[in-house]
Amino acid sequence: MAECEEFAHNLWVVEGPKVRDMGFMFTTRMAVAKLSDCSIWVNSPVSVPFDVLQRITQLGPVKYLVAATPRHVWRLTAWHELFPEAQLWTPRVTPLTLKKGTLPLTGILGDEPPHAWKNDFDQLAFKGSPLIEEVLFLHRSSGTVILDDLIQIHPMIKGRPFRNALL
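Residues numbered from 1 in each chain as written. Predicted model: local features only at pLDDT ≥ 70, side-chain atom pairs only at ≥ 80, totals over all residues. Heavy atoms only, no water.

Below, the discussion takes up the sheet that holds strand β6 (residues 40-43). An order of β1-β2-β5-β6-β7-β8-β9 is seen for the seven strands of this open sheet, with the pairing classed as mixed. With partners counted over all chains shown, the strands left at the sheet margins are β1 (4-8) and β9 (107-108), one partner each. (Pairing = 2+ DSSP bridges. Helix = DSSP H or I, 4+ residues; strand = E, 2+ residues; numbered from the N terminus.)

Written as structure tokens, this is what we have:
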């Protein structure tokens, strides 16, 4: 079961369910930050049980829903239904963007953080790979770098050389 685990002051991590993407199973997680204005910023939201959702909403009003990688845009849909007033931020659309329907995006993430979280995060758009683009965040007060898909660990499976090479 998912838990909202405090990682640093005003920064939490929540493990989500495993998902299948491109035929592979991946673990999921999201980062939750309480900003200096006491609002809540959620990166790559995952499905959570009611008690975890309740804990997050007790931290403050959820105002920002962020997908830092094109592969996580679809994850904003369910949270947008829960928090329709929250701003939605995504990276630029690429051929690998996964989404469900049309979302009312507030803006596109880049190298400069939006004014809303400028005091709390630095950010940088990682570009140049045809397979992955992602926006990286530096949580200033804790010195924590938040990455989504840029770094992953996948155990090698004997007899699966193509899968091992791809991952």
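The next subject is the packing of aromatic side chains. Applying the stated criterion across every chain yields a total of seven aromatic pairs. Between tryptophan 41 and tryptophan 117, the ring centres sit 6.1 Å apart and the planes meet at 70 degrees, which makes this aromatic pair edge-to-face. Here the residue tryptophan 41 occupies a position in strand β6, and tryptophan 117 occupies one in the loop between β9 and β10 (121-126), the gap between them amounting to 76 residues. Neither residue differs from the other here; tryptophan 41 and tryptophan 117 are each classed as buried. (Phe/Tyr/Trp six-rings, centres within 6.5 Å; stacked < 30°, edge-to-face > 60°. Buried < 20%, exposed > 50% of the residue type's maximum accessible area, 1.4 Å probe, protein only.)

Two side chains carrying opposite charge are able to pair once their charged atoms lie near each other. Counted according to the given criterion, the structure contains three salt bridges. Its salt-bridge partner being arginine 92, residue glutamate 133 comes within 2.5 Å of it at the nearest N-O pair. With a gap of 41 residues between them, glutamate 133 in the loop between β10 and β11 (134-139) and arginine 92 in the loop between β8 (87-90) and β9 connect regions that are remote in the sequence. The partly exposed category is assigned to arginine 92, whose relative accessible area is 44%. Taking the shortest distance from any N to any O, the salt bridge between aspartate 122 and arginine 140 comes out at 2.5 Å. Within this pair, whereas aspartate 122 is found in strand β10, its partner arginine 140 is found in the loop between β11 and β12 (144-146), the two being separated by 18 residues in sequence. Of the residues examined, aspartate 122 reaches a relative accessible area of 30% and is grouped as partly exposed. When its relative accessible area of 40% is taken as the criterion, arginine 140 is described as partly exposed. (Salt bridge = Lys/Arg side-chain N within 4 Å of Asp/Glu carboxyl O.)

Time to look at the side chain of arginine 75. Tracing the backbone shows arginine 75 in the loop between β7 (62-66) and α2 (76-82). Within the local environment of arginine 75, its side chain forms a polar contact with the backbone oxygen of serine 44, the two atoms lying 2.9 Å apart. (Polar contact = N/O pair within 3.5 Å; in protein donor to acceptor, adjacent residues only side chain to side chain.)

Formed by 22 residues in total, the largest nonpolar core has its most connected members in Val14, Met30, Val32, Val42, Ile56, Leu65 and Trp79. Elements represented by at least two residues in this core include exactly β2 (11-15), β5 (29-34), β6, α1 (50-59), β7 and α2. Non-local contacts of isoleucine 56, meaning those with residues more than four positions away in its chain, are made with Cys4, Val14, Met30, Val32, Ile40, Val62 and Trp79. With 17 residues, the next largest nonpolar core counts Leu11, Tyr64, Phe121 and Ala125 among its residues. (Core = buried A, V, L, I, M, F, W, Y, C linked by side-chain atoms within 4.5 Å. Contact = heavy atoms within 4.5 Å.)

Strand order in this open sheet of three strands is β10-β11-β12, and the pairing throughout is antiparallel. Across the chains shown, the open sheet's two edge strands, defined by having one partner strand only, are β10 and β12. Ignoring which end each strand starts from, the neighbouring axes of this sheet average 20 degrees apart. Note: β11 against β12, three bridges, orientation antiparallel. Across the sheet, histidine 139 pairs through a bridge with threonine 144, a residue of β12. (Axes fitted to C-alpha atoms, helices over the stretch in contact; angles between N-to-C directions.)

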